[in-house]
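Each chain, written out:
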Amino acid sequence: MIISTAPKQTAIVALFGSLVAACGGGEPTDETTEAEIAASDVAVEETTADEASSATALAEVSAGSYDLEKGHASLLWKISHNGLSYYTARFTAFDATLNFDPADPAASTLSVTIDPTSVRTDHPDGDEWDTELATDEKFFNAGEYPEITFTSTDVTTTGDTTGLIIGDLNLLGTALPVTLDTTFNGVTTPPWYNGRDVIGFSATATIKRSEFGMDALIPNIGDEVNIIVEAEFLQSEG
């Protein structure tokens, strides 16, 4: 799950600093120790307050159907390249519909469609490599499989604002269960949307492409694919 750890890191850094001072041969002063303890206490309080704020925001969300805000959404994937780095690419054309029930998030549903010809790599060869990825039978084979889809089958809450969205990913004609580790980020109600809510989520998932029949260039190009999603949804009209 994607959860901010900055406040906790502040506390850890403060406590680590006191240990380093002690190991370095100098005893920390009472003043320094009190300051570090105070910083740790503040960090814990801030983390608790953030979690409570998110949970409160979730309770304020309107139940119903939501459409993807395409201008505020991204769908990235990363894959190992010769074990040296993670090659990162994205899809630029995708859509999603969310039926969301904040009172019972487990009753929510999600459906997603992706256009494989919208793959973008920013490769120096320009569109040539993108076109090969999209259309070649070794890769997304968009001529035969023009859509990639995800349809949720189950939602499980793991915390006040976190959960697992389990669903069937249909890629290259093979449908397999995939789990999105999801965090609810918040809600806003901009005046220009006439009272409709906008809600935001972050999610990650990991798949093995070979399980869907895409095994070209393994192991030089990794089998495991990391998927990163950032998405805002606008409450449907009516």
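Residues numbered from 1 in each chain as written. Predicted model: local features only at pLDDT ≥ 70, side-chain atom pairs only at ≥ 80, totals over all residues. Heavy atoms only, no water.

## Considerations on the overall build of the chain
Then comes step 1: What the chain contains, in helices and strands, is three helices and ten strands.
Then comes step 2: Along its sequence from the N terminus, the chain presents helices and strands in the succession α-α-β-β-β-β-β-α-β-β-β-β-β.
Then comes step 3: When burial is assessed residue by residue, the chain has 36% of its 238 residues classed as buried.
Then comes step 4: Residue pairs in contact within the chain that sit at least 24 positions apart in sequence constitute 57% of those at least 6 positions apart.
Then comes step 5: Carbon and sulfur atoms make up 54% of the accessible area of the chain, which totals about 13300 Å². (Helix = DSSP H or I, 4+ residues; strand = E, 2+ residues; numbered from the N terminus. Buried < 20%, exposed > 50% of the residue type's maximum accessible area, 1.4 Å probe, protein only. Contact = heavy atoms within 4.5 Å. Areas by Shrake-Rupley, 256 points an atom, 1.4 Å probe, with all protein chains shown as cover.)

## Concerning the side chain of T162
Then comes step 1: Within the fold, T162 resides in strand β7 (residues 162–171).
Then comes step 2: Classification of T162 as buried rests on a relative accessible area of 11%.
Then comes step 3: Of note is the side chain of T162, whose polar atom sits 2.8 Å from the side chain of T158.
Then comes step 4: Looking at T162, its side chain comes within polar contact range of the main-chain nitrogen of G159, at 3.2 Å. (Polar contact = N/O pair within 3.5 Å; in protein donor to acceptor, adjacent residues only side chain to side chain.)

## Structural notes on the nonpolar core
Then comes step 1: Counting 45 residues, the largest nonpolar core has F91, L110, I199 and F233 as the members making the most contacts within it.
Then comes step 2: If we skip the residues at most four places from it in the chain, F233 touches Y66, D67, L68, E69, A96, L98, L110, D197, V198, I199 and F201. (Core = buried A, V, L, I, M, F, W, Y, C linked by side-chain atoms within 4.5 Å.)

## Some remarks on the pairing of strand β8 (residues 174–188)
Then comes step 1: Where β7 lies against β8, ten bridges are found, and the strand directions are antiparallel. Paired with I165 across the bridge in β8 is L180.
Then comes step 2: Counted between consecutive antiparallel strands, the loop separating β7 from β8 contains two residues, among which L172 sits at a positive phi close to 55°.
Then comes step 3: Here β8 runs beside strand β9 (residues 198–208); their pairing, made up of seven bridges, is antiparallel. Counted as the bridge partner of T188 is V198 from β9. (Pairing = 2+ DSSP bridges.)

## What about the confidence of the model for the chain?
Then comes step 1: When pLDDT is averaged along the chain, the result is 83; 76% of the residues meet or exceed 70.
Then comes step 2: Note on residues 36–49: pLDDT under 50 across the span, and eleven contacts to partners over four residues away in sequence or across chains. (pLDDT = per-residue confidence, 0-100.)

## A few points about the packing of aromatic side chains
Then comes step 1: With the rule as written, the count across this model stands at eight aromatic pairs.
Then comes step 2: For the pair W129 and F139, a centre-to-centre distance of 5.9 Å together with 80° between the ring planes defines the contact as edge-to-face. Of the two residues, W129 is situated in helix α3 (residues 127–135) and F139 in the loop between α3 and β6 (148–157); the sequence distance between them amounts to ten residues.
Then comes step 3: Using a relative accessible area of 6% as the deciding quantity, one classes F139 as buried. (Phe/Tyr/Trp six-rings, centres within 6.5 Å; stacked < 30°, edge-to-face > 60°.)

## Some points on α3
In an α-helix, one full turn covers 3.6 residues, which means residues spaced three or four apart are oriented alike.
Then comes step 1: Listed as buried for α3 are D130, L133 and A134. Take α3 and look down its axis: the buried residues cluster within an arc of 95°, on one side only.
Then comes step 2: On the buried face of α3, the contacting elements are β5 (119–120). (Arc of directions from axis to C-beta.)

## Side note on the pairing of β6
Then comes step 1: With four bridges connecting them, strand β4 (residues 109–114) and β6 associate as antiparallel partners. What sits directly across from S111, in β6, is T151.
Then comes step 2: Here β6 runs beside β7; their pairing, made up of eight bridges, is antiparallel. Its bridge partner being in β7, T151 is matched across the sheet by D168.
Then comes step 3: Counted along the chain from β6 to the antiparallel partner β7, the turn is four residues long.

## Focus on the pattern of salt bridges
Then comes step 1: Under the counting rule described, the total for this entry stands at three salt bridges.
Then comes step 2: With a shortest N-O distance of 3.0 Å, D122 and R90 are connected by a salt bridge. One end of the pair, D122, is in the loop between β5 and α3; the other, R90, is in strand β2 (residues 85–91), and 32 residues separate them in sequence.
Then comes step 3: K138 is paired through a salt bridge with D136; the nearest N and O atoms lie 3.2 Å apart. (Salt bridge = Lys/Arg side-chain N within 4 Å of Asp/Glu carboxyl O.)

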